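Residue-level listing of the chains:
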There are 2 protein chains.
Amino acid sequence: MMPPKNKIEVPDIVVSRLPLYLRALNFLAEEGVETISSAELAQRLGISSAQIRKDLSFFGEFGKQGTGYNVEFLRKKIKEILNLTRIWDVALVGAGDLGHALVHYGGFLGQGFRISLVFDNNPQKIGQEIAGLIIQPASRMKELIRQHGIQIAIIAVPASAAQKVTDELVAAGVRAILNYAPITLKVPPDVHVQYIDPVTRLQHMTYYLK
Amino acid sequence: MMPPKNKIEVPDIVVSRLPLYLRALNFLAEEGVETISSAELAQRLGISSAQIRKDLSFFGEFGKQGTGYNVEFLRKKIKEILNLTRIWDVALVGAGDLGHALVHYGGFLGQGFRISLVFDNNPQKIGQEIAGLIIQPASRMKELIRQHGIQIAIIAVPASAAQKVTDELVAAGVRAILNYAPITLKVPPDVHVQYIDPVTRLQHMTYYLK
DNA sequence: TAGATTGTTAATCGATTAACAATC
DNA sequence: TAGATTGTTAATCGATTAACAATC
């Protein structure tokens, strides 16, 4: 038994793997698996068992020697660590094809996220409904995001508009941004950004093709 | 002047940054900027100038002391390194909301990629047209991908179908997969996979939120 | 020439892994 | 108890950065 490691700074790369562990555990739970060893979990994820044990050890002792990890228990613990014991409301900016696909995507709700505001600046789209949400004018972003106390936003606008949208989101109090626009955003140090760009991912792989 | 570094294995993490450099250079070229220093480029990307110079030095000497890099020249060189001097045909599997958004996305063509085949297994969708492409039955994947000599595929099907689709793509000769399904795929060592999962990215960020 | 910036080296920093005592 | 597997340490491996000679 060790004293709690409250003061140790967890490397971001370790945090980034927790959602993958959680995803695998959700799958195992659905399969009805009750216990799993770090070796089995590692094989499913294509990583080393030592890495899983080391990663988890930043947060506590969740396993049992000789047995492994209880799937439900570890799931619960990782959810707590990632602050996924609540549902996070998310603002979506951009109601184009991608925005529509995101609003209709069924994978968010079960995993802790609900898109609850949608914005666009196209007068043709404003006022229209998608999946039960009225598209709001971009001019009301600050007001509505503040009102809903929203901390997370998804940017699905063209690259040319993304920095302006970002500045407005940050001004509205958003602290985490998932950015689909192919551009590096400037944000204050306390705002987190994750990037999703299929083109750069494809270009990464063509290096290895002939 | 150094001898060419043909035999040095370039770390994958270095390769993964080249598309970001290219993206920034494309932007600079459009702005009409002719020359840029590693320090300026670094600032735009939020990384260190030493990292940019080190990364590029794996592939050659592209800059000029006292001046920096010629934007057009470096752009051309990175395109050559990433095998982006041609257009890559891409097969898309899954014609749901995400599949539609990807087919309609205008960002692929200018960057070296063209979705030229679309598959689905839903009889309602097969035969329908999206953006000039007829949706083909999943049963014809192997045949058509072989016929077109396609090496790159995008998976936009539910997680439950993704591994089966992957196995079929690999059997058809695909060597690079961009996977939107939230599941770790099993592939042979010579097949490259990149993952895009907005949920895990959001869950990564909630760790830092309160 | 003087100033600026590259390409490269070596030091530093950080992440992964092998190994094993502890223990279920 | 014997076997299995964790949690942790220390070694290894790899990536980043500081610094500067070379040189445009």
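Residues numbered from 1 in each chain as written. Chains lettered and ligands numbered in written order. Predicted model: local features only at pLDDT ≥ 70, side-chain atom pairs only at ≥ 80, totals over all residues. Heavy atoms only, no water.

It is not clear to me how the environment of Ser 57 of chain A should be interpreted in this structure. Could you clarify?
All names here are of chain A. Structurally, Ser 57 can be placed in helix α3 (residues 49-57). Residue Ser 57 is classed as partly exposed on the basis of its relative accessible area, which comes to 29%. Once the C-alpha coordinates of Ser 57 and Glu 72 are considered, the two residues, 15 residues apart in sequence, prove to be 18 Å apart. At 2.7 Å, the side chain of Ser 57 forms a polar contact with the backbone oxygen of Lys 54. (Helix = DSSP H or I, 4+ residues; strand = E, 2+ residues; numbered from the N terminus. Buried < 20%, exposed > 50% of the residue type's maximum accessible area, 1.4 Å probe, protein only. Polar contact = N/O pair within 3.5 Å; in protein donor to acceptor, adjacent residues only side chain to side chain.)

Looking at this structure, how should I read the relation of the copies chain B and chain A?
Superposition of chain B onto chain A requires a rotation of 180° combined with a translation of 0.0 Å along the rotation axis, giving an RMSD of 0.0 Å. One copy is carried onto the other by what is essentially a two-fold rotation axis. (Least-squares fit on C-alpha atoms with pLDDT ≥ 70 in both.)

Where do I start with the side chain of Asn 26 of chain B in this structure?
Mapped onto the elements, Asn 26 of chain B comes out in helix α1 (residues 12-31). Excluding its chain neighbours within four sequence positions, the residues that come into contact with Asn 26 of chain B are Arg 75 and Gln 111 of chain B. (Contact = heavy atoms within 4.5 Å.)

In this structure, what is going on with the environment of Gly 106 of chain B? I would like to understand it.
All names here are of chain B. Relative to the assigned elements, Gly 106 resides in the loop between α5 (97-104) and β5 (113-120). Judged by relative accessible area, which is 64%, Gly 106 ranks as exposed. Counting along the chain gives 70 residues from Gly 106 to Ile 36, while the straight-line C-alpha distance between them is 28 Å.

What am I meant to see in the sheet that holds strand β6 (residues 129-130) of chain A here?
Remark on secondary structure: sheet strands pair via backbone hydrogen bonds, oriented parallel or antiparallel. All names here are of chain A. Read across the sheet, seven strands follow the order β6-β7-β5-β4-β8-β9-β10 without closing on themselves; strand pairing throughout is mixed. Each edge of the sheet is formed by a strand with only one pairing partner; in this case those strands are β6 and β10 (192-195). Bridge count for strand β4 (residues 88-93) against strand β8 (residues 152-155) is four bridges, and the pairing is parallel. Of the residues in β8, the one forming a bridge with Val 90 is Ile 152. Contacts from helix α6 (residues 141-148) reach β4, β5 (113-120) and β7 (133-137) within the one sheet, and its direction differs from that of β5 by about 160°. Taken strand by strand, helix α7 (residues 159-171) contacts β4, β8 and β9 (176-179), and its axis lies near 170° from that of β8. (Pairing = 2+ DSSP bridges. Axes fitted to C-alpha atoms, helices over the stretch in contact; angles between N-to-C directions.)

Is there a simple way to explain the interface of chain B and chain A in this structure?
By a widely used convention, the size of an interface equals the accessible area lost when the partners come together. Tallying the contact residues gives 55 residues for chain B and 55 residues for chain A. Both sides together, the interface formed by chain B and chain A hides about 5400 Å², and carbon and sulfur atoms give 65% of it. Where chain B touches chain A, the interface holds two salt bridges. The salt bridge partner of Arg 23 of chain A is Asp 197 of chain B, with a shortest N-O separation of 2.8 Å. The interface formed by chain B and chain A includes 26 residue pairs in polar contact (both at pLDDT 80 or more). Within the residue set of the side of chain B that touches chain A, elements represented by two or more residues are α1, α2 (38-45), α5, β9 (176-179), β10 (192-195) and α8 (198-206) of chain B. Ranked by the residues each element gives to the side of chain B that touches chain A, the list is headed by α8 of chain B, at nine residues. Taken together, the residues of the side of chain B that touches chain A break down into 33 nonpolar, 13 polar and nine charged. (Buried area = accessible area lost by both parts, 1.4 Å probe. Salt bridge = Lys/Arg side-chain N within 4 Å of Asp/Glu carboxyl O. Nonpolar A, V, L, I, M, F, W, Y, C, P; charged D, E, K, R; others polar.)

Sorry if this is basic, but what is going on with the domain arrangement of chain A here?
Domain annotation of chain A identifies domain 1 (12-81) and domain 2 (88-201). Domain 1 of chain A and domain 2 of chain A are separated by 31 Å when their C-alpha centres are compared. (Domains from an automatic or database assignment.)

Help me understand helix α1 (residues 12-31) of chain A in this model?
Residues three or four positions apart in an α-helix share a direction because the helix packs 3.6 residues into each turn. Residues and elements named next belong to chain A. The end-to-end C-alpha separation of α1 is 30 Å, in line with the 28 Å expected for 20 residues at 1.5 Å each. Those residues of α1 that fall on the buried side of the exposure criterion are Val 14, Val 15, Arg 17, Leu 18, Pro 19, Tyr 21, Leu 22, Arg 23, Ala 24, Leu 25, Asn 26 and Leu 28. Two residues or fewer after α1 comes Gly 32, characterised by a positive phi angle close to 90°. (Expected span 1.5 Å × (residues − 1).)

Help me understand the sheet that holds strand β7 (residues 133-137) of chain B, please; the structure alone is not making it clear to me.
Residues and elements named next belong to chain B. The strand order across the open sheet built from seven strands is β6-β7-β5-β4-β8-β9-β10, with neighbouring strands paired in mixed fashion. Unpaired on one side and paired on the other, β6 (129-130) and β10 mark the two borders of the sheet. Along the sheet, helix α6 (residues 141-148) makes contact with β4 (88-93), β5 and β7, crossing β5 at roughly 160°.

Would you mind going over the packing of α1 of chain B against helix α4 (residues 71-81) of chain B with me for this structure?
The geometry of a pair of packed helices is captured by two quantities: the angle between their axes and the separation between those axes. Residues and elements named next belong to chain B. Where α1 contacts α4, the two axes come as close as 9 Å, and the packing angle between them is 145°. Read as a crossing pair, α1 and α4 show a hand that is left-handed. Contacts between α1 and α4 involve Leu 18, Tyr 21, Leu 22, Leu 25, Asn 26, Leu 28 and Ala 29 on the former and, on the latter, Val 71, Glu 72, Leu 74, Arg 75, Ile 78, Lys 79 and Ile 81. Here the contact of α1 with α4 is built from residues that sort into 10 nonpolar, one polar and three charged. (Left-handed = near helix turned anticlockwise from the far one by under 90°.)

Teacher, can you tell me more about α2 of chain B here?
Residues and elements named next belong to chain B. Every buried residue belonging to α2 is among Ser 38, Leu 41, Ala 42 and Leu 45, and all of these are buried. Along the long axis of α2, the arc covered by the buried residues comes to 100°, so they all point the same way. Where the residues of α2 are buried, they touch α1, β1 (35-36), α3 (49-57) and β3 (68-70). Positive phi shows up at Gly 46, right after α2, with a value of about 70°. (Arc of directions from axis to C-beta.)

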